[in-house]
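The residues making up each chain are set out below.
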Amino acid sequence: RLLVQTHEPEALEFLVRQAELGESRVVRRAAKGAIFRLRQAGVALPAPEPALSPHRDAVTWPVAGAWANRIDCIGSQAVCLARRRPNDDVAFISVVISDDRGIVDGMGELGTSLRAVEKLAQRSALPPGAPLNSVPPEYIAYRVRQGLETSRRVKRAPAADYQRWSFLLDGIGDAWEPDLEGLCRQWADPSLLAETAHLLDAIEFSDWWPDPEARSEGAATRRFLQDVQGDLNRLSTRTEPPSDLSSVPPILGEIANETHILASFWPYTATATAAIERRVDDHLERVLPKDRRSRFRDALLQMTYLADLGGRATMRALISTASWALDPTSGIEPREQPLLRQMLRKCVEVSDFYA
């Protein structure tokens, strides 16, 4: 309380330092609470110093765990790594990596428990219910290197909180990277191409649809939805409940065994489906242009690796097949790719659901 009241530069620096490096969680939380109140009062605070200087021995701390989330529809992924300190508590770093902006966020903590870090990683696995993937620590370092390269390319500074905690990645897999293309060649099965549309029923792909509010594809998506809704508004009935649950594709049962949660809407009538399909043909390559499809392929390659690590054979086969189809050398035209078509159909379903 006295430190807060003084507003002296030395006191403020001490508070900021304790918020990052305090010896106990109680001290760190108290300092962070004080900092929050000061900021609310409009008090300027010094920037935290990099956490590297007092922890040069972090490279010797053994890795206690490493996790990665799925990649979301805008190309972002959260990864997390924990290291056990000599006094048997752990330190962790969590990083958010964007495929078009680089390192966009980060956080870390010293002196917490492994269980607390695991809970934090699980809470960040969105949407709720999506699997959290245990990965080798080298994968975390590899993804961070990719993020840093993207940050350099687009001339964005990596997030300050990442820089503050990046020392926890020292000494981990500086050159290692997975053979993503090799995995794609190994597991892609062209006979499963039609089944790749069902990936969007799996919880980790449930938000993989074009966003009409997005900066990149938003305008094209809105035009697509306007045309579809104009056609559907002329129909007396759009959707119908499933009449025979025995007609559910067997592949959905296999997906459910590996993802545990499926997300699906009631089907459209045959007439409504035909109207939607015509508009998908008209708009697909404008809504999902070449560069967007390339980014989706990169994400699918990463998710093939994660499915392979987790032993999820059905998801691995479907994701790698979708990735193969998105490779221009496959000869599969964009409008012939079930996953892309399903993404636009899902956009219509979501729009209808919230209308």
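Residues numbered from 1 in each chain as written. Predicted model: local features only at pLDDT ≥ 70, side-chain atom pairs only at ≥ 80, totals over all residues. Heavy atoms only, no water.

Undergrad: An account of the side chain of Ser98 is needed here, citing residue identities and associated values.
TA: Relative to the helices and strands, Ser98 resides in strand 3 (residues 90-98). On the basis of relative accessibility, which here comes to 1%, the residue Ser98 falls in the buried class. Here Asp100 takes part through its side chain, which lies 2.7 Å from a polar atom of the side chain of Ser98. Not counting residues within four places of it along the chain, the set of residues in contact with Ser98 comprises Gly75, Ser76, Val104 and Thr150. (Helix = DSSP H or I, 4+ residues; strand = E, 2+ residues; numbered from the N terminus. Buried < 20%, exposed > 50% of the residue type's maximum accessible area, 1.4 Å probe, protein only. Polar contact = N/O pair within 3.5 Å; in protein donor to acceptor, adjacent residues only side chain to side chain. Contact = heavy atoms within 4.5 Å.)

Undergrad: An account of helix 5 (residues 137-154) is requested, with residue identities and associated values reported.
TA: With 18 residues, helix 5 extends 26 Å between its outermost C-alpha atoms, agreeing within 8% with the 26 Å of an ideal straight helix rising 1.5 Å per residue. Of all the residues in helix 5, the buried ones are Tyr139, Ile140, Ala141, Tyr142, Arg143, Val144, Gly147, Leu148, Thr150 and Ser151. Where helix 5 terminates, the next one or two residues include Lys155, which has phi positive at roughly 60°. (Expected span 1.5 Å × (residues − 1).)

Undergrad: Report on the sheet that holds strand 3, specifying residues and quantitative values.
TA: Overall, antiparallel pairing links the five strands, which are arranged 4-3-2-1-5 in an open sheet. Looking along the sheet, the strands with just one partner apiece sit at the ends: strand 4 (102-112) and strand 5 (133-134). This element, helix 4 (residues 114-123), spans strand 1 (63-68), strand 2 (76-84), strand 3 and strand 4 of the sheet and lies at about 5° to strand 1. In the packing of helix 5 onto the sheet, the strands contacted are strand 1, strand 2, strand 3 and strand 4, and the crossing angle to strand 4 comes to about 140°. (Pairing = 2+ DSSP bridges. Axes fitted to C-alpha atoms, helices over the stretch in contact; angles between N-to-C directions.)

Undergrad: Explain the pattern of salt bridges residue by residue, including any values.
TA: This structure, assessed with the given rule, holds 23 salt bridges. For Arg345, the salt bridge goes to Glu277, with nearest N and O atoms at 2.5 Å. One end of the pair, Arg345, is in helix 13 (residues 338-354); the other, Glu277, is in helix 10 (residues 270-287), and 68 residues separate them in sequence. Its relative accessible area of 19% is what places Glu277 among the buried residues. The salt bridge partner of Arg335 is Glu285, with a shortest N-O separation of 3.7 Å. Of this pair, Arg335 sits in the loop between helix 12 (313-326) and helix 13 while Glu285 sits in helix 10, placing them 50 residues apart in sequence. One continuous salt-bridge network, built from bridges that share partners, spans Asp227, Asp231, Arg234, Arg279 and Asp282. (Salt bridge = Lys/Arg side-chain N within 4 Å of Asp/Glu carboxyl O.)

Undergrad: Summarise the environment of His55; cite the residues concerned and give the values.
TA: Structurally, His55 is set in the loop between helix 3 (25-40) and strand 1. Along the primary structure His55 and Phe167 are separated by 112 residues, whereas in three dimensions their C-alpha atoms are 8.1 Å apart.

Undergrad: I'd like a rundown of unusual backbone geometry, residues and numbers included.
TA: Within the chain, Asp88 stands out as a residue other than glycine whose phi angle is a positive 80°. In this fold, Asp88 is placed in the loop between strand 2 and strand 3. Its identity as a non-glycine residue notwithstanding, Lys155 has a phi of 60°, on the positive side. For Lys155, a relative accessible area of 76% puts it in the exposed group.

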